[in-house]
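Fold and contact review
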Amino acid sequence: WLVLAWVVGLAWLLVRLARGWLQVKSLVRAARPCSDSVAALAGECHQQVKLRREVRVMVSAGVSSPMLVGVVRPVILLPNDIERHLHVEEFRTVLIHELQHVRRCDPLVSLLAGVIVAIYWFHPAVWLFQWKLRKLRELACDEATVAALRGARKSYATGLVKVAEMISQGQPAPAIGFLERKSDMNTRVMQILNARMRVGRGLSFAGLMMVVLLGRVLLPGAARSGEQRDGTNSKSATK
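Below, the structure is looked at part by part.

Calculation notes
- Residues numbered from 1 in each chain as written.
- Predicted model: local features only at pLDDT ≥ 70, side-chain atom pairs only at ≥ 80, totals over all residues.
- Heavy atoms only, no water.
- Helix = DSSP H or I, 4+ residues; strand = E, 2+ residues; numbered from the N terminus.
- Phe/Tyr/Trp six-rings, centres within 6.5 Å; stacked < 30°, edge-to-face > 60°.
- Buried < 20%, exposed > 50% of the residue type's maximum accessible area, 1.4 Å probe, protein only.
- Contact = heavy atoms within 4.5 Å.
- Core = buried A, V, L, I, M, F, W, Y, C linked by side-chain atoms within 4.5 Å.
- Axes fitted to C-alpha atoms, helices over the stretch in contact; angles between N-to-C directions.
- Parallel < 35°, antiparallel > 145°, perpendicular 65-115°, else oblique.
- Nonpolar A, V, L, I, M, F, W, Y, C, P; charged D, E, K, R; others polar.

1. Let's talk about unusual backbone geometry
Notably, Lys50 is not glycine yet its phi reads approximately 60°, a positive angle. By the secondary structure assignment, Lys50 is in the loop between helix 2 (36–49) and strand 2 (56–60). Phi is positive for Cys105, close to 60°, though the residue is something other than glycine. Locating Cys105 in the fold gives a position in the loop between helix 4 (88–103) and helix 5 (106–119).

Given below as structure tokens:
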């Protein structure tokens, strides 16, 4: 019964993950190319972030806030009327933030985290790991964006508030939104405006703790497998 429960939970989470990817693909197929002015601004941001990978920027009627989708071929999806809500510098902060996610390979990390949660769904620590990973991911990108903007914190914070006003629906599961939850806005704005905010790319203490937590969840099984193999090899050698 325990094995059956695990299989049911695994299947349900994998189906939910697959459904999210299908939704993302549908959004990309229905999206249209962005305007020349947005494309030019995206090119400037691409050079500013020093990103080598190609990232398409498209406009979609199916999203209410900027989001990054895709692991192999990343795409930034923008709402139809975003140019009416954001000034140029605020728009720049949005694009740089999403490009920082690409630079850090966050879509791939999020996909792997989703698979890990699906496999170990019964363990409370993996849900904490996924929740904390999202928090640290956005904090790291905020730090990197402030560094790339050379301290233009006010435009960044203002852009975040305006995007929060645009959000009217949830994001697809595999997407990485500029602001995924309105409840996170106050914390992120205060952090961005904090002059003591770290702008380095080193692993923070919280990030280190998440690595230790993930290892604590996954490695005991590997260790037991290794011990079993060693025991089997020892018996074979004795015979």
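2. Considerations on the packing of aromatic side chains
Within the structure shown, the criterion is met by two aromatic pairs. Where Tyr120 meets Phe122, the ring centres are 6.2 Å apart and the plane angle is 50°; that geometry is what we call tilted. With a centroid separation of 6.3 Å and an interplanar angle of 80°, the aromatic rings of Trp121 and Phe122 are classed as edge-to-face. Trp121 sits in the partly exposed class, given a relative accessible area of 26%. Taken together, Tyr120, Trp121 and Phe122 form an aromatic cluster joined through their ring pairs.

3. Thoughts on the side chain of Gln130
Among the secondary structure elements, Gln130 is positioned in helix 6 (residues 124–148). We classify Gln130 as buried; its relative accessible area is 16%. Setting aside anything within four residues of it in sequence, one finds Gln130 in contact with Ala113, Gly114 and Val117.

4. Re the nonpolar core
In terms of nonpolar packing, the biggest core is built from 33 residues, with Val57, Ile76, Leu78, Phe91 and Leu99 touching the most fellow members. The set of elements that each furnish at least two residues to this core consists of helix 2, strand 2, strand 4 (75–79), helix 4, helix 6, helix 7 (153–166) and helix 8 (185–193). For this core, the leading source of residues is helix 4, giving six residues. When sequence neighbours within four positions are dropped, the list of residues in contact with Val57 reads Cys34, Val38, Ala42, Ile76 and Leu78. With ten residues, the next largest nonpolar core counts Met58, Val63, Val75 and Leu77 among its residues.

5. Overview of the packing of helix 5 against helix 6
Interaxial distance between helix 5 and helix 6 falls to 10 Å at its minimum, and their mutual angle equals 170°. The angle between the axes of helix 5 and helix 6 places the two elements in the roughly antiparallel class. Taken together, the residues of helix 6 that come into contact with helix 5 (itself represented by Asp106, Val109, Ser110, Ala113, Gly114 and Val117) are Val126, Trp127, Phe129, Gln130, Leu133, Arg137 and Cys141. Within the contact of helix 5 with helix 6, the residues separate by chemical class into eight nonpolar, three polar and two charged.

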